[in-house]
Amino acid sequence: MAHACGQLFASPSAQPGVYMDFNKNDAVARRIQAFSERVAMAQENGLYFYNQPAQEILGGAKAVYHGRVMGMYASYSYLGLVGHPRINEAAKRAVDKWGTGTNGVRSLAGTLTLHDELEETIACFKHAETAITFTSGYVTNLTVISTLMGRGDYVLSDKINHASIVDGCLMSGAEFRRFKHNDMDDLERRLQHVPPDASCLVVADAVFSMDGDVIDLPRTVELCSKYGAYLMVDEAHSLGVLGKTGRGIEEHFGLADVVDIKMGTLSKTIPSVGGYVAGKKELVNYLRHASRAYIFSAALPPAQAAAANEAFKVIEEEPWRIERLNQNTELFIGGLKSAGFDTMLTTTAIVPVLCGSDEAAFMMTREAQQHDVFVLPVVSPAVPEGQARLRATITAAHDPAEIERAMDVIATAGRQIGII
Ligand SMILES: Cc1ncc(COP(=O)(O)O)c(C=O)c1O
């Protein structure tokens, strides 16, 4: 049966261009046109790989696309928790008990005991006094940075921090400076230029989402304390990944409670959706009463809150997943390197396979996907020109034999295309 929307637009009475005329020669129309042409060209050449619908997700390691089971090397389910029976059950129980939505925003009728339980679980897991949740990781960065910082303040952000951090910094209206990637001398120079009476926030990803390397936390902490700056770290790709028990960046470096604003997402290792900040009671209380995404946007749905809550418990009770992830990561990075690939500075589950030109990255992707290895390309402007890459991710759910096969496929493609 045709979709109602399809019928509407196919109807002869529908008048194209009545609402927005994209053929005008203004900046908006030109922008849209330029993008449409870029996408259409990639599609015509069979080099468009985005927005492909998965027909089935088979744990973190496999998925069905175009009717074929593929090895999944683009999933953030680092510990392979997606589809975990206990987590699914918790979500189902929450739907049975609470329904599928909340009754509005957290501050008014939207807070459920489930939200309080989840925030307690997160605080406990992160060894923090308390925690607050939001409906996405993106929104968490946006609202937290822009609520804490304002005109006259300074925000120092690593050059390759995630877009949500950049957007939060811009939205805050504070003086926004970027320091060279993971370069502590440059960070110190920038800190020296902050007026002594100004508030300053240093913000960085724990694991950088395009390169997979880890922030130099000990030096960052040292500098923040020397110059009296607050420190915020985004643990989107380190929660469940770094540290012996998956508690993240502080555990990885053996440092206890050195990050003021411990931010993370519930959409990667934790197979749900949402974002959190863990920290001191005063900080969280302030965010609960002043951050606009908390006050003016609906609460996390019950199933998602319950799933996230259960996932933290599973991480604690199934520590073998972290060990397995570490073994798989070592196998994957080591194998790609010995095949001759440049995997940059990664030591984590995000593994860039440097291709060079955008075209080379697209061709590598096509070859890999044609051989049932689902990887995705990252091209400019998301990464600097000439540093286009496959951005492969590895999980605890992968079997070493599958990883070997994926590496063979990638290496064969790399030789064909002339990357190795
Ligand atoms: C470092 C980082 N922070 C924040 C986010 C946003 O998180 P979410 O997808 O949960 O909104 C992402 C998402 O990819 C990320 O990589």
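Overview of the structure. (Residues numbered from 1 in each chain as written. Predicted model: local features only at pLDDT ≥ 70, side-chain atom pairs only at ≥ 80, totals over all residues. Heavy atoms only, no water.)

Before going further, it helps to examine the site of the ligand. The environment of the ligand is made up of 15 residues, and the closest members are Tyr138, Asp234, His237, Ser267 and Lys268. For the ligand, an oxygen atom lies 2.9 Å from a polar atom in the side chain of Lys268. Out of a free accessible area of 390 Å², the ligand has 85% covered by protein chains. Taking a 2 Å distance to the grid points as the criterion, the majority of the atoms of the ligand fall inside the largest pocket. Broken down by element, the shell around the ligand gets its largest block of residues, 3 residues, from helix H6 (residues 137-148). A breakdown of the residues in the shell around the ligand according to their chemical character gives 2 nonpolar, 10 polar and 3 charged. (Near = heavy atom within 4 Å. Polar contact = N/O pair within 3.5 Å; in protein donor to acceptor, adjacent residues only side chain to side chain. Areas by Shrake-Rupley, 256 points an atom, 1.4 Å probe, with all protein chains shown as cover. 1 Å grid on protein atoms, 1.4 Å probe; cavity = no way out; pocket = protein on both sides within 12 Å on 5 of 7 lines; lining within 4 Å. Sits in = over half its atoms within 2 Å of the grid points. Helix = DSSP H or I, 4+ residues; strand = E, 2+ residues; numbered from the N terminus. Nonpolar A, V, L, I, M, F, W, Y, C, P; charged D, E, K, R; others polar.)

The strand order across the open sheet built from 7 strands is S4-S10-S9-S8-S7-S5-S6, with neighbouring strands paired in mixed fashion. Whereas interior strands pair on both sides, the edge strands pair on one side only; in this sheet they are strand S4 (130-134) and strand S6 (175-179). The sheet shows a mean angle of 20 degrees between the axes of neighbouring strands, direction not considered. Summarising the sheet, strand S5 (residues 154-158) and strand S7 (residues 200-205) pair through 4 bridges and their orientation is parallel. (Pairing = 2+ DSSP bridges. Axes fitted to C-alpha atoms, helices over the stretch in contact; angles between N-to-C directions.)

For the rest of this paragraph, the subject is helix H15 (residues 358-370). For H15, built from 13 residues, the straight-helix expectation of 18 Å at 1.5 Å per residue is met to within 8% by its first-to-last C-alpha distance of 18 Å. Those residues of H15 not exposed but buried are Asp358, Ala360, Ala361, Phe362, Met364, Thr365, Glu367, Ala368 and Gln369. At the exit of H15 stands Asp372, carrying a positive phi of roughly 65 degrees. (Expected span 1.5 Å × (residues − 1). Buried < 20%, exposed > 50% of the residue type's maximum accessible area, 1.4 Å probe, protein only.)

Mapped onto the elements, Lys126 comes out in the loop between helix H5 (113-125) and S4. In terms of polar contacts, Lys126 uses its side chain to reach the side chain of Glu235, at 2.7 Å. For Lys126, the contacting residues outside a window of four places in its chain are Glu235, Leu239, Arg247, Gly248, Lys262, Tyr276 and Ala278. (Contact = heavy atoms within 4.5 Å.)

Under the counting rule described, the total for this entry stands at 1 cavity of 30 Å³ or more. Along its surface, the largest cavity is lined by Arg106, Thr133, Phe134, Thr135, Ala293, Tyr294, Ser297, Ala298, Ala299 and Leu300. Where the lining of the largest cavity is concerned, the elements lending two or more residues are S4 and helix H12 (292-295). Of the residues in the lining of the largest cavity, the class split is 6 nonpolar, 3 polar and 1 charged. (Points joined across faces, edges and corners; volume = space filled by probe spheres on them.)

Turning our eyes to something else, we now look at a nonpolar patch on the surface. A contiguous nonpolar surface patch, about 220 Å² in accessible area, is contributed by Phe22, Val28 and Ile32. Among the structural elements, Phe22 can be located in the loop between helix H1 (4-10) and helix H2 (27-44). (Patch = residues over 30% accessible without salt bridge, like charges linked within 9 Å, V, L, I, M, F, W, Y side chains within 5 Å. Salt bridge = Lys/Arg side-chain N within 4 Å of Asp/Glu carboxyl O.)

In the sheet, S5 pairs with S6 via 5 bridges, with the strands oriented parallel. Paired with Leu156 across the bridge in S6 is Arg177. For the handedness criterion, the β-α-β arrangement of S5, helix H7 (residues 163-172) and S6 is classed as right-handed. (Right-handed = clockwise from strand over helix to strand, strands pointing away.)

A few words on the state of the cysteines. In the structure shown here, the tally under the stated rule is 0 disulfides. Cysteine Cys169 remains unbridged, with the sulfur of Cys200 as its closest cysteine sulfur at 11 Å. With a relative accessible area of 0%, Cys169 lands in the buried category. (Disulfide = S-S within 2.5 Å.)

Going through the model one piece at a time under the given rule, you end up with 7 aromatic pairs. Taking the centre distance of 6.3 Å and the plane angle of 35 degrees together, the rings of Phe49 and Phe362 count as tilted. Of this pair, Phe49 sits in the loop between H2 and strand S1 (56-58) while Phe362 sits in helix H15, and the two are 313 residues apart along the sequence. Judged by relative accessible area, which is 6%, Phe49 ranks as buried. Overall, Phe362 belongs to the buried group, its relative accessible area being 13%. Cation over ring: Arg247 sits above Phe125, and NZ or CZ is 4.3 Å from the ring centre. (Phe/Tyr/Trp six-rings, centres within 6.5 Å; stacked < 30°, edge-to-face > 60°. Lys NZ or Arg CZ within 6 Å of the ring centre and 35° of its normal.)

A word on the layout of surface pockets. Empty space within the largest pocket amounts to approximately 720 Å³. In terms of lining, the largest pocket is formed by 36 residues, of which the most central are Ala74, Tyr76, His237, Lys268 and Arg391. Those elements that place two or more of their residues in the lining of the largest pocket are H6, strand S9 (261-265), strand S13 (377-378) and strand S14 (388-393). A per-element tally of the lining of the largest pocket places H6 first, with 3 residues.

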